[in-house]
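Listed below, chain by chain, are the residues.
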Amino acid sequence: MVSKPGVINHVTFHNASGVAFKDDVKTKNRKLCPLPVPTFTGRQETVNELHQYFSRSQGSRKVFVLHGLGGSGKSQLAFKFVQEAQASKCFSEIYFVDATGEQTAESDLKLLAPTTAEETAEEGLRWLASQQEEWLLVLDNADDRKLDLSKFFPSCAFGNILITTRNKEVCFYGAHSRVSDMKPEDAKMLLLQLVGDKAVGQDKEQVAMAIVKELRCFALAVTQAGGYIHACGNLNRYLALYKSSRDNLLQHAEVQGQGQYGLAVYATWNLSYQKLSPGSRTFLHICSQLHHQNIKEEMFRKATLCDKKLEDLEMQEKVNELLTEIGGGNQSWNSWLFSEITRELQSYSLIEQNIVDDSYSVHSLIQYWSGTTIATEDMAKLVLTIIGLSVPCTFELGDYVYRHSLIYHIIQLFHKSKCDMDTSVAAKIALVLSEEGHYKDAECLEVAVLEARKQVLGDEHPDTLTSMGNLAATYRKQGQWSDAETLEVAVLEASKRALGNEHPDTMRSMANLAATYCKQGRWSAAESLDVAVLETRKQLLGNEHPDTLTSMASLAATYRKQGRWSDAESLEVTVLEARKRLLGNEHPETLASMANLAATYCKQGRWSDAETLEVAVLEASKRALGNEHPDTMRSMANLAATYRKQGRWSDAESLEVTVLEARKRLLGNEHPETLASMANLAATYCKQGRWCDAETLEVAVLEASKRALGNEHPDTMRSMANLAATYRKQGRWSDSESLEVTVLEARKRLLGNEHPETLASMANLAATYCKQGRWCDAETLEVAVLEARKRLLGNEHPDTMRSMANLAATYCKQGRWSAAESLEVAVLEASKRALGNEHPDTMRSMANLAATYRKQGRWSDSESLEVTVLEARKRLLGNEHPETLASMANLAATYCKQGRWSDAETLEVAVLEASKRALGNEHPDTMRSMANLAATYREQGQWSDAESLEVFVLEVRKRVLGNGHPDTLRGMVNLAATYREQGRWRDAESLQVDVLEARKRVLGVEHPNMLLSMAHLAVTYCKQGRWSDAETLQLAVLEASKRVLGNEHPDTLRSMANLAANYREQGRSSDAESLEATVFKARKAVLGNERPEDHEDANTKSAPVHLADLQAHSSIPASDTPMPACEHKQRAKFTIPRLFKSLRRSGR
């Protein structure tokens, strides 16, 4: 229970000599400052702030104001401070005055008057001014705006005054602190204290937190709820009761023991409301309909000045009346009247002003109270109409910024009024919704506007055609490209008939149709329209008209899609220079031109040039638009993508996290741009080998995309493809395949068999088939993709060359090295011509060809290319870029083939140290570098060093990737090989059997890696003299290799050679010679007379580009111990399933 103001006897003081004296104040009763409620919780930061403030500058006057909404806990906070101050004897005396009104204040001050003087407030203040001590005067509830508070200050330059008030204007008198909502944890603890034994169950804290969040942690509301629950309720049922009967509960009379002044939440605010002027009441009603933040005068000023009248004259009249009350009228705006209204509302703390952006906010409980208890009929519709009238249909920088500021207000009101909206208002609201990614809501309005305009104006009226164009744009944003095309073709034809071929609106229609063709991958059709629009605009408007420059930028974007990067660059440089000259360096369109040119530089592999532009764009966007403007966020995302390309993954991650958090806060968790940010961050996580983190984000993006955009929206399909790529990285190839098949079928159905995204899906599925060892299936898809891209894009388009590289990688897997070489030479020559000798794709093509030469035993040719690539990458990317490190690893692999172990070791040590520094000790590439170095140690007989590294790699992979991940199994294979070299055959066998069982379970019995595991185990059996067991495995491997790979595949021949060696060990020379002759003849036919005998697998790989398409194989050695040559005995013909039964019976 709150203490009532009590009485205190006058305090006896002592003089300096220690002699007690009494001053001339008669002993009388005066008010004691109330104690805080026993359940007072939190606010300690503000209490500490008061202690610190009043402890400074002893002997000088200090005034502190606690201000805030009625019921926020200002008085209780002051009482808590006084209680602590009394306990610590901070003040010589504390005087309490109820400053609710002039009469109450004077009554309390009279009690300070000395007996020798007249008993008046003036005498009381005069006496207090004579007491040169550190006293504290508390002026509580000084809410009345008409009260001149300064007349209650003693006329002296010392003493301390603490004021509590709803009136923000009182802050003028001194330091101040706004008392707002409680911290959630404090509010929860307060509620649980008040509820007492009515809080039961293990989830009481979660229930209490949910309640206080619903109450917005507002002190009086929490106190009132606690009292109600304690007296007549149940904690677990209160939340549902509150949601259904909010008004009744917030108006409920005081529960005994709670509250200082015995008022419910609503009653507290009604006291302030009754004192408001009519204009302030109206504005509060308007605020109750809007989002609780970012309420700006600009909204009402623009609506007042709008010269577009509503079709509904009655609605127009109501809107005018509303605006007139707050500062509008006769298309003129009275800022002074509006500022008086907002000042009055602030004085009662009913609204708050943000001086940074000159906006206002209202507490959400105040908003609900105002909206449900005192709002007028049709208020939501009227306010949405005002917002609609304020929306500009022009596209300057300020217009975009302003429209963006409206989105939360529109969302708040839209579903209340969307069925009954003026056509012109609906069109403007749809514009904002579409720009902000609320495409379905925008479509709903645009369809309604289009139908209304057709009925009233006719099918070919300019406003009708504008509506069709708007709806088409929204269809395009949703990936409904056929629907968009249908409308845009209709608009174009009608515009030509009604306006002529060269009218600006006709040109705009043509440009829109070109944009849709681009989305459909119909780049030639898009180019044709873009060129026509550009030429017409040049003739009619001039070379540097804004519309001409826009056309030029559109054509450049189409060239970029076609891989014509030099053509794109040329146009983009022209546009950029013109916009700098005409608009200035920091105009949004100039910045957009810089971003476009940076994108082209990225395509050309000129990442430093791209970074320079993107940093400039980002800095300018921050200055011109602010740190969290959508264009600033987009600039940050672009720079992060460039950092990712440069291998600067930490820098990329830092920017992407910033963008994601800002977009979540500003746009919501499921806005398309928020989802794009999550996808970008996931891509960076993938680069860092953080596949679980990437998967978590990608699953969230996919689910949100399904909800927000539908199962077959292009962005949903892209999200599914990204998740499939991550599954592929994790070795979850079945999961990857399932998603990729779904994406491919959907894209075939929706986009057609030869759309660029359909072809990308085929390439991705082929990559997964390669991982599964299904090389024929992969080849079939890759050949189809290659033929389609040659036909659609031309032989030297970057996507065509990527397809050739992918097919070459598959040929390598099949041992068809000549076929692979032929493709790779063609890709390299085309890349040099189209992209230049040092473009990243050219370097990658060179690395791929070098890997193929290595496979063919052409180690000098391989070395020559790899040295070239390495030197170029060092010069262009730096010594520690991931691709530079990959080049070093590839050259080391070639040195190993040449037996130059020392040279290989030097490179591999350097790669490992750099990977640790750049990527971290546990990144997959660091682990791969460590495995490569271990393999080189093994070849040099440094088995202890090799074992040490391999044990570390295996433990990390188990922990980070899981026991069944392909890289973990490869680590086990490598360690087993080292054990075997050390003669620890039982240890080797144990690991190899584990790998064999895992690969059988995950990959199936005839996957190439499964056959490799069987061959490894057979070698270990040979080392143990278990010739029969080895022969059983080798026969099974050979038969399976013939079926899966063909009779002349290198792995098949290697299997045959291994079996021959076994026969020779068993003394079966005739059988051995027969097999060896077959192997020799086949190798001579396939590889030529000078092909070195192959004992190792260089393990080149085909690495997918994360977002859609495939990259060519990058030959970073995986260091899985290859199929070895060995010696063996005894004939046995088992099928593979029978083989596993035999292994289980004999044990390990």
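Up top you'll find the structure we're talking about.
Okay, so let's go over this structure. (Residues numbered from 1 in each chain as written. Predicted model: local features only at pLDDT ≥ 70, side-chain atom pairs only at ≥ 80, totals over all residues. Heavy atoms only, no water.)

### Looking at the nonpolar core
Next up, step 1: By size, the foremost hydrophobic cluster in this structure holds 80 residues, and its most contacted members are Leu 191, Phe 283, Leu 284, Leu 290, Phe 300 and Ile 429.
Next up, step 2: Residue contributions to this core peak at eight residues, all from helix H16 (residues 379-390).
Next up, step 3: Those residues in contact with Ile 429, other than ones at most four positions away along the chain, are Leu 384, Ile 387, Gly 388, Ile 410, Phe 414, Met 421 and Leu 445.
Next up, step 4: Counting 27 residues, the second-largest nonpolar core is a separate cluster that includes Val 97, Phe 152, Ile 161 and Val 170. (Core = buried A, V, L, I, M, F, W, Y, C linked by side-chain atoms within 4.5 Å. Buried < 20%, exposed > 50% of the residue type's maximum accessible area, 1.4 Å probe, protein only. Helix = DSSP H or I, 4+ residues; strand = E, 2+ residues; numbered from the N terminus. Contact = heavy atoms within 4.5 Å.)

### Focus on the packing of aromatic side chains
Next up, step 1: Inspection of the entire model under this criterion finds 16 aromatic pairs.
Next up, step 2: An angle of 65° between the planes, with centres 5.3 Å apart, marks the rings of Tyr 53 and Phe 64 as edge-to-face. Placement of Tyr 53 in helix H1 (residues 44-54) and of Phe 64 in strand S5 (residues 62-67) is noted, with a sequence separation of eleven residues between them.
Next up, step 3: With a centroid separation of 6.1 Å and an interplanar angle of 75°, the aromatic rings of Phe 81 and Phe 91 are classed as edge-to-face. Highlighted residues: Phe 81 in helix H2 (residues 74-88) and Phe 91 in the loop between H2 and strand S6 (94-98), separated in sequence by ten residues. Across the pair, exposure class does not vary: Phe 81 and Phe 91 are buried alike.
Next up, step 4: An aromatic cluster of three or more residues is present, and its members are Tyr 53, Phe 54, Phe 64, Phe 81 and Phe 91.
Next up, step 5: Here the guanidinium or amino end of Lys 302 rests over the ring plane of Tyr 402, the centre of that ring lying 5.0 Å away.
Next up, step 6: Here the basic side chain of Arg 403 rests over the ring of Tyr 400, its NZ or CZ set 5.2 Å away from the ring centre. (Phe/Tyr/Trp six-rings, centres within 6.5 Å; stacked < 30°, edge-to-face > 60°. Lys NZ or Arg CZ within 6 Å of the ring centre and 35° of its normal.)

### Examining the sheet that holds S5
Next up, step 1: As summarised here, the arrangement of the five strands in space is S6-S7-S8-S5-S9, forming an open sheet in which the pairing is parallel. The sheet is open, and its two edges are formed by S6 and strand S9 (175-178), each paired on a single side. Each strand of the sheet is rotated relative to its neighbour by a mean of 15°, with strand direction disregarded.
Next up, step 2: For S6 and strand S7 (residues 136-140), the ladder comprises five bridges, and the chain directions are parallel. Looking at the pairing, Ile 94 lines up with Leu 136 of S7.
Next up, step 3: H1 contacts S5, S7, strand S8 (160-165) and S9 of the sheet and is inclined by roughly 165° relative to S5. (Pairing = 2+ DSSP bridges. Axes fitted to C-alpha atoms, helices over the stretch in contact; angles between N-to-C directions.)

### What about the state of the cysteines?
Next up, step 1: Per the stated rule, a full pass over the model turns up zero disulfides.
Next up, step 2: The thiol sulfur of Cys 306 is not disulfide-bonded, and the nearest other cysteine sulfur, from Cys 393, lies at 8.7 Å.
Next up, step 3: We classify Cys 306 as buried; its relative accessible area is 13%. (Disulfide = S-S within 2.5 Å.)

### A look at the packing of H1 against H2
Next up, step 1: At a minimum axis separation of 10 Å, H1 and H2 run at an interaxial angle of 55°. Considering their axes alone, H1 and H2 lie oblique with respect to each other. Remark: the crossing between H1 and H2 carries right-handed chirality. Contact residues: H1 offers Gln 44, Thr 46, Val 47, Leu 50, His 51 and Phe 54, while H2 offers Leu 77, Lys 80, Phe 81, Glu 84 and Ala 85.
Next up, step 2: Its residues assigned to classes, the contact of H1 with H2 comprises six nonpolar, three polar and two charged. (Parallel < 35°, antiparallel > 145°, perpendicular 65-115°, else oblique. Left-handed = near helix turned anticlockwise from the far one by under 90°. Nonpolar A, V, L, I, M, F, W, Y, C, P; charged D, E, K, R; others polar.)

### Considerations on the pattern of salt bridges
Next up, step 1: For the structure shown, the criterion picks out 74 salt bridges.
Next up, step 2: The partner of Lys 318 in a salt bridge is Glu 314, and the shortest N-O contact between them spans 3.9 Å. Here the residue Lys 318 and the residue Glu 314 both occupy positions in helix H13 (residues 313-326), the gap between them amounting to four residues, near one helical turn.
Next up, step 3: Note that Arg 1068 is salt-bridged to Asp 1071, the shortest N-O span being 3.1 Å.
Next up, step 4: For Arg 1068, a relative accessible area of 19% puts it in the buried group.
Next up, step 5: Within the structure, one salt-bridge network assembled from shared partners comprises Arg 145, Glu 169, Glu 340 and Arg 343. (Salt bridge = Lys/Arg side-chain N within 4 Å of Asp/Glu carboxyl O.)

### Focus on unusual backbone geometry
Next up, step 1: Here Arg 43, not a glycine, exhibits a phi torsion of approximately 60°, which is positive.
Next up, step 2: Topologically, Arg 43 is positioned in the loop between strand S4 (30-32) and H1.
Next up, step 3: Of the residues examined, Arg 43 reaches a relative accessible area of 14% and is grouped as buried.
Next up, step 4: Positive phi, close to 55°, is recorded for Lys 89, a residue that is not glycine.
Next up, step 5: Its place among the elements puts Lys 89 in the loop between H2 and S6.

### Things to note about the layout of surface pockets
Next up, step 1: Empty space within the second largest pocket amounts to approximately 780 Å³.
Next up, step 2: What lines the second largest pocket is a set of 28 residues, among which Asn 294, Asp 357, His 404, Ser 405 and Leu 666 lie closest to the centre.
Next up, step 3: Elements supplying a minimum of two residues to the lining of the second largest pocket: strand S10 (352-354), strand S11 (359-361), helix H17 (397-417) and helix H29 (649-667).
Next up, step 4: Ranked by the residues each element gives to the lining of the second largest pocket, the list is headed by H17, at eight residues. (1 Å grid on protein atoms, 1.4 Å probe; cavity = no way out; pocket = protein on both sides within 12 Å on 5 of 7 lines; lining within 4 Å. Points joined across faces, edges and corners; volume = space filled by probe spheres on them.)

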